[in-house]
Amino acid sequence: QVQLVESGGGLVQPGGSLRLSCAASGSIFGIYDMAWYRQAPGKQRELVATITGGGRTTYADSVKGRFTISRENVKNTVYLEMNSLKPEDAAVYYCNLRRGVGYWGQGTQVTVSS
């Protein structure tokens, strides 16, 4: 009943930037906390950033100062602006809607390579 679709991933050079989007649709009848996760091959999924319905944010230490999470509630969309990208940022990035057991998108690939 809830669908999340990530977009904006791609190939960037080290030091480059990308802006990811996650659009939520379906049975959404409120403003919920959202999060971005990422998972690199062979590694566990890790939390990157969170944003509450009111706009409060948290970041993993590895991305703080480089990434910015934001949202447009009227569009049910959350964004992740990624700057100064490093090779270790390469992963599939997933958004998560924190309602009930949680809802996940299918991810968008971010590749950082020269």
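Refer to the structure above for everything that follows.
Residues numbered from 1 in each chain as written. Predicted model: local features only at pLDDT ≥ 70, side-chain atom pairs only at ≥ 80, totals over all residues. Heavy atoms only, no water.

Undergrad: So what about the side chain of arginine 66? Which residues, and what values?
TA: Note that arginine 66 resides in the loop between β6 (57–59) and β7 (67–72). Excluding its chain neighbours within four sequence positions, the residues that come into contact with arginine 66 are Glu81, Met82, Asn83, Ser84, Leu85, Lys86 and Asp89. (Helix = DSSP H or I, 4+ residues; strand = E, 2+ residues; numbered from the N terminus. Contact = heavy atoms within 4.5 Å.)

Undergrad: Break down the environment of serine 114 for me, with residues and values.
TA: The topology assignment puts serine 114 in the segment after β11 (108–112). Residues serine 114 and asparagine 83, 31 residues apart in the sequence, show an inter-C-alpha distance of 15 Å. Non-local contacts of serine 114, meaning those with residues more than four positions away in its chain, are made with Gln13 and Pro14.

Undergrad: Break down the state of the cysteines for me, with residues and values.
TA: Disulfide: a covalent bond connecting the sulfur atoms of a pair of cysteines. Applying the stated criterion across every chain yields a total of one disulfide. Note that cysteine 22 is cross-linked by a disulfide to cysteine 95, the S-S spacing being 1.8 Å. Taking the sign of the S-S torsion, 50 degrees for the link of cysteine 22 and cysteine 95, the bridge is right-handed. Of this pair, cysteine 22 sits in strand β3 (residues 18–26) while cysteine 95 sits in strand β9 (residues 91–97), and the two are 73 residues apart along the sequence. Assigned by exposure class, cysteine 22 and cysteine 95 land together as buried. (Disulfide = S-S within 2.5 Å. Buried < 20%, exposed > 50% of the residue type's maximum accessible area, 1.4 Å probe, protein only.)

Undergrad: Can you lay out the nonpolar core for me, pointing to particular residues and giving the numbers?
TA: Membership of the largest hydrophobic core comes to 27 residues, with the highest contact counts inside it found for Trp36, Leu80, Met82 and Tyr93. Those elements giving two or more residues to this core turn out to be β1 (2–7), β3, β4 (34–39), β5 (46–51), β7, β8 (77–82), β9 and β11. Not counting residues up to four positions away in its chain, the partners in contact with methionine 82 are Gly16, Ser17, Leu18, Leu20, Arg66, Phe67, Tyr93 and Val110. (Core = buried A, V, L, I, M, F, W, Y, C linked by side-chain atoms within 4.5 Å.)

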